[in-house]
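Descriptive analysis of the structure
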Amino acid sequence: MPDFTAAATQRARVRVPLRFQDGYRIDAELVTFHGLADGLEHVAVVLGDPAPGTTPLVRLHSECLTGDVFGSARCDCGPQLREAVERIAERGGVLLYLRQEGRGIGLYNKLDAYALQDQGLDTYAANAALGLPEDARDYTAAAQMLTALGIGDLDLLSNNPDKADQLRALGVEVKDRVPTGVFATPDNLRYLRAKVLQTQHTLPLGDLAELNAG
């Protein structure tokens, strides 16, 4: 890691059996840390056991109370979390659960942005209208967590090129960026299209247009 990223250390590890609403079950290890740059309580979810010589599969998943916990259909966060846990468990790797609600603007601001989206703004324009960054996330703590876990190279499960770019700038070798599935609903199509058009997420825009037409 570069000198500008201070070292973090593992604080504790605990086994947690995960149970999802659709019946999927898997045992995981949750890891907490000392010394993270932003001082937040991020957690690593260690899943599966990579075969020798296999690159671990890693996802940086930003906390989304509305999607992860309440099943909101306005985003694709909950289904992405569920998919990531199973795919990482099959391959072996880590899901970093990062406390970056609303792309880093916080829960209340995110809900304020939702109200503006209901008036016709897309997710990025709504943030800007509130005087907030389109995406305030910084992945320095994620790079620290990976280093503390002994992960120097990985395949990144993400549609977002910025995550890979930031990790590489922080000294993490991202060998491949693996797209997630497409979890479109009538309520999140505008949101997904905005991610493609504004921040070049690797989602099939043509398929989204067809769903919207349908």
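Everything that follows concerns the structure shown earlier in this document.
Residues numbered from 1 in each chain as written. Predicted model: local features only at pLDDT ≥ 70, side-chain atom pairs only at ≥ 80, totals over all residues. Heavy atoms only, no water.

A separate point is the nonpolar core. One finds Ala 44, Leu 60, Leu 96, Leu 146, Leu 149, Leu 154 and Leu 167 to be the most contacted residues of the largest nonpolar core, which totals 26 residues. Of the residues forming this core, the biggest block, five residues, is contributed by helix α6 (residues 140–148). Setting aside chain neighbours within four positions, we find Leu 154 in contact with Thr 55, Pro 56, Val 58, Leu 146, Val 172, Glu 173, Val 174, Lys 175 and Asp 176. If you look at the next biggest cluster of nonpolar residues, it comprises 15 residues, including Leu 47, Leu 57, Leu 95 and Leu 157. (Core = buried A, V, L, I, M, F, W, Y, C linked by side-chain atoms within 4.5 Å. Buried < 20%, exposed > 50% of the residue type's maximum accessible area, 1.4 Å probe, protein only. Helix = DSSP H or I, 4+ residues; strand = E, 2+ residues; numbered from the N terminus. Contact = heavy atoms within 4.5 Å.)

Now for the sheet that holds strand β3 (residues 43–47). Strand pairing in a sheet is mediated by backbone hydrogen bonds. Such pairs are either parallel or antiparallel. Taken together, the seven strands give an open sheet; going across it, the order is β1-β2-β3-β5-β4-β6-β7, and neighbouring strands pair in mixed fashion. Looking at which strands have only one partner, the edges of the open sheet turn out to be β1 (9–19) and β7 (173–178). Strand after strand, the sheet turns through a mean of 30° between neighbouring axes, direction not considered. As judged from the five bridges shared by strand β6 (residues 153–157) and β7, these two strands associate in the parallel manner. (Pairing = 2+ DSSP bridges. Axes fitted to C-alpha atoms, helices over the stretch in contact; angles between N-to-C directions.)

Take the pattern of salt bridges next. Scanning all chains against the criterion turns up 11 salt bridges. For Arg 74, the salt bridge goes to Asp 118, with nearest N and O atoms at 3.2 Å. In this pair, Arg 74 is assigned in the loop between α1 (65–69) and α2 (77–91) and Asp 118 in the loop between α4 (107–117) and α5 (123–129), connecting sequence segments 44 residues apart. When its relative accessible area of 25% is taken as the criterion, Arg 74 is described as partly exposed. Given the relative accessible area of 58%, Asp 118 is considered exposed. Close ionic contact of Asp 155 with Arg 91 constitutes a salt bridge, the shortest N to O distance being 2.3 Å. Of this pair, Asp 155 sits in strand β6 while Arg 91 sits in helix α2, and the two are 64 residues apart along the sequence. The partly exposed category is assigned to Arg 91, whose relative accessible area is 28%. (Salt bridge = Lys/Arg side-chain N within 4 Å of Asp/Glu carboxyl O.)

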